[in-house]
Amino acid sequence: MRTRPRTAAITLSVATLAAVLTACGGSGSADAGGLSSAPAPTGPAVDLAGVCPSTVVVQTDWNPEADHGHVYQLLGPNPSIDASKKSVTGDLYANGKPTGVKLEVRAGGPAIGYSTVSAQLKQDKSITLGYVSTDEAVQFSGDLPTTAVFAENDKSPMMIMWDPKTYPDVATIKDLGTKLQANGGVVRYFKGAAYMSYLTDAGYLPAGVIDGSYDGAPAKFVTAKGKDAQQGFATAEPYVYQNEIAAWGKPLKFQLVADTGWSPYPETMSVRTGDLASLSPCLKKLVPVMQQADVDFLKNPEATNDLIVKLVQAYNNGWTYDAEVGKAAVAQMKDLKIATDAGHGHVGAMDEKRVTDLIKLAAPIFTRSGGHVKDGLVAGDLVTNQFLDPKISLGW
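Thresholds, definitions, all that
Residues numbered from 1 in each chain as written. Predicted model: local features only at pLDDT ≥ 70, side-chain atom pairs only at ≥ 80, totals over all residues. Heavy atoms only, no water. Buried < 20%, exposed > 50% of the residue type's maximum accessible area, 1.4 Å probe, protein only. Helix = DSSP H or I, 4+ residues; strand = E, 2+ residues; numbered from the N terminus. Contact = heavy atoms within 4.5 Å. Pairing = 2+ DSSP bridges. Axes fitted to C-alpha atoms, helices over the stretch in contact; angles between N-to-C directions. Phe/Tyr/Trp six-rings, centres within 6.5 Å; stacked < 30°, edge-to-face > 60°. Lys NZ or Arg CZ within 6 Å of the ring centre and 35° of its normal. Disulfide = S-S within 2.5 Å.

**As for helix H6 (residues 194-201)**
One turn of an α-helix holds 3.6 residues; hence residues three or four places apart share an orientation.
Phase 1 of the analysis: Along H6, the residues classified as buried are Ala194, Tyr195, Met196, Tyr198 and Leu199.
Phase 2 of the analysis: In this structure, the buried residues of H6 make contact with strand E8 (158-162), strand E9 (187-188), strand E10 (210-211), strand E11 (229-233) and helix H12 (352-368).
Phase 3 of the analysis: Positive backbone phi, approximately 85°, marks glycine 203, located one or two places after H6.

**Examining the environment of isoleucine 365**
Phase 1 of the analysis: With respect to the helices, strands and loops of the structure, isoleucine 365 is situated in helix H12.
Phase 2 of the analysis: The exposure class assigned to isoleucine 365 is buried, which follows from its relative accessible area of 7%.
Phase 3 of the analysis: Excluding anything up to four places from it in sequence, isoleucine 365 contacts Ala194, Ser197, Tyr198, Asp201 and Trp262.

**Some points on the sheet that holds E8**
Phase 1 of the analysis: Ordered by their spatial adjacency, five strands build an open sheet running E10-E9-E11-E8-E12, and the pairing between neighbours is mixed. Sheet topology places E10 and strand E12 (253-256) at the edges, where each strand pairs with a single neighbour.
Phase 2 of the analysis: Here four bridges tie E8 to E12, and the two strands are oriented antiparallel to one another. Its bridge partner lying in E12, methionine 161 is registered against phenylalanine 254.
Phase 3 of the analysis: Contacting E8, E9, E11 and E12, helix H5 (residues 173-183) runs over the sheet at an angle of about 40° to E8.

**Topic: the packing of aromatic side chains**
Given two aromatic rings, one states the distance between the centres and the angle between the planes to describe the pair.
Phase 1 of the analysis: Under the definition given, this model contains eight aromatic pairs.
Phase 2 of the analysis: Their ring planes at 85° and their centres at 5.6 Å tell us that phenylalanine 221 and tyrosine 241 sit as a pair that is edge-to-face. Highlighted residues: phenylalanine 221 in helix H7 (residues 219-223) and tyrosine 241 in helix H8 (residues 237-243), separated in sequence by 20 residues.
Phase 3 of the analysis: According to the relative accessible area criterion, phenylalanine 221 is buried, its value standing at 1%.
Phase 4 of the analysis: The cationic tip of lysine 174 hangs over the ring face of tyrosine 204; the distance from NZ or CZ to the ring centre is 5.9 Å.

**Some points on the pairing of E8**
Phase 1 of the analysis: Of all five residues making up E8, five are buried, and the element is well covered by its neighbours.
Phase 2 of the analysis: Where burial is concerned, the two faces of E8 agree: the one with Met158, Ile160 and Trp162 and the one with Met159 and Met161 are both buried.
Phase 3 of the analysis: Across four bridges, E8 lies against E11 in antiparallel orientation. Bridge assignment links methionine 158 to a residue of E11, and that residue is phenylalanine 233.

**Topic: unusual backbone geometry**
Across the chain, the bulk of peptide bonds are trans and the bulk of non-glycine residues have phi less than zero.
Phase 1 of the analysis: The phi dihedral of asparagine 78 is positive, around 55°, even though this residue is not glycine.
Phase 2 of the analysis: Inspection of the secondary structure puts asparagine 78 in the loop between helix H2 (69-72) and strand E3 (80-82).
Phase 3 of the analysis: We classify asparagine 78 as partly exposed; its relative accessible area is 42%.
Phase 4 of the analysis: Phi angles above zero are rare outside glycine, and asparagine 316 is one such case at about 50°.

**Let's talk about the state of the cysteines**
Phase 1 of the analysis: If you walk through the whole model with that rule in mind, you get one disulfide.
Phase 2 of the analysis: One disulfide in the model links cysteine 52 with cysteine 282; its S-S distance is 2.0 Å. Here cysteine 52 and cysteine 282 share a disulfide; its torsion about the S-S bond, 95°, makes the bridge right-handed. In this pair, cysteine 52 is assigned in the loop between strand E1 (29-31) and strand E2 (55-59) and cysteine 282 in helix H9 (residues 276-299), connecting sequence segments 230 residues apart.
Phase 3 of the analysis: Look at cysteine 52 and you get buried, because its relative accessible area is 9%.

See the structure below:
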């Protein structure tokens with residue numbers, strides 16, 4: 001499961017660093033204004049009325065950020081912001097035209113009491129789709145079953161980061177574990193993260209160097225002066241720590257956890273498994289629209305990133321996010337192949353062998369920790385590519 005909150009480099013848990021990233025915004029409902037002067041994508045009209053809910057509700061797993069750009073890209077001009085509910089609603093657009101239904105995008109994380117999206121899907125039947133990473137889907141497959149219909153990113157941006165000046169010879173997480181052990185350092189992470197159990201079980205990190213006390217704040221990492229390592233997201237911390245945290249202000253090195261073998265599909269657009277059949281007529285038309293929105297966002301993200309910044313300011317809950325972080329996030333998604341066609345020839349596909357391999361790794365970990373993994377779980381229980389349009393490609 002994607003461990004949240006992301007980072008207090010952005011969430012401001014430490015007073016001494018609070019001046020570095022200052023949140024601003026208001027409350028109540030507001031008009032978000034036009035998205036941008038950039039030309040809208042054009043193409044054939046898509047009619048979702050009658051086959052999709054009149055309002056398609058998407059529950060995200062965190063505050064607005066560029067990692068979620070593909071879904072905010074779907075909003076038409078002048079969406080309405082509800083700051084109290086941490087949601088935004090507007091016409092659902094495809095190819096620059098309205099589709100006949102509305103789209104409501106709800107923030108996750110603090111907005112839902114840090115609940116999992118799987119739990120939200122079970123509790124609130126008004127939610128059409130939710131962000132469920134495939135490791136979370138494994139964990140709750142027995143009692144909160146979900147099926148992913150579209151993977152906007154191929155790799156998780158979750159990473160372990162370290163100071164290259166302190167550890168100049170470290171290139172991988174496994175190298176880092178050896179150096180931390182010799183130097184008396186630790187790698188801080190959010191306690192309970194399944195990927196850390198995998199990293200220790202598989203020998204990437206000695207158990208003695210892991211520290212589950214990370215609270216999202218940058219203070220411990222900064223005051224350790226490079227001795228310690230920390231979890232983070234490649235789409236945020238490398239830019240933020242170097243450019244927006246004056247107390248650090250220098251480059252980081254990192255390795256994606258996905259490159260060690262723990263490789264869930266992050267934040268897949270998922271439905272309740274029990275609703276898959278009834279939603280299929282909608283998904284047949286909607287999923288290609290989501291694919292195209294993902295392509296459009298990554299090729300021209302500025303307008304949607306501007307909307308994301310407006311949402312963050314309006315929600316005003318301590319999370320801050322500016323256009324430069326969004327720009328850096330999109331660059332990382334491209335450079336690190338977080339967003340890619342992954343050899344499928346089209347965007348959004350999920351490889352069943354990869355999901356099968358994840359089940360083999362994750363099921364024992366979640367079973368040990370009290371998870372509710374379905375007996376006999378197979379990849380087909382968790383993902384389907386049946387609604388994807390094979391002609392819609394990122395081209396890289």
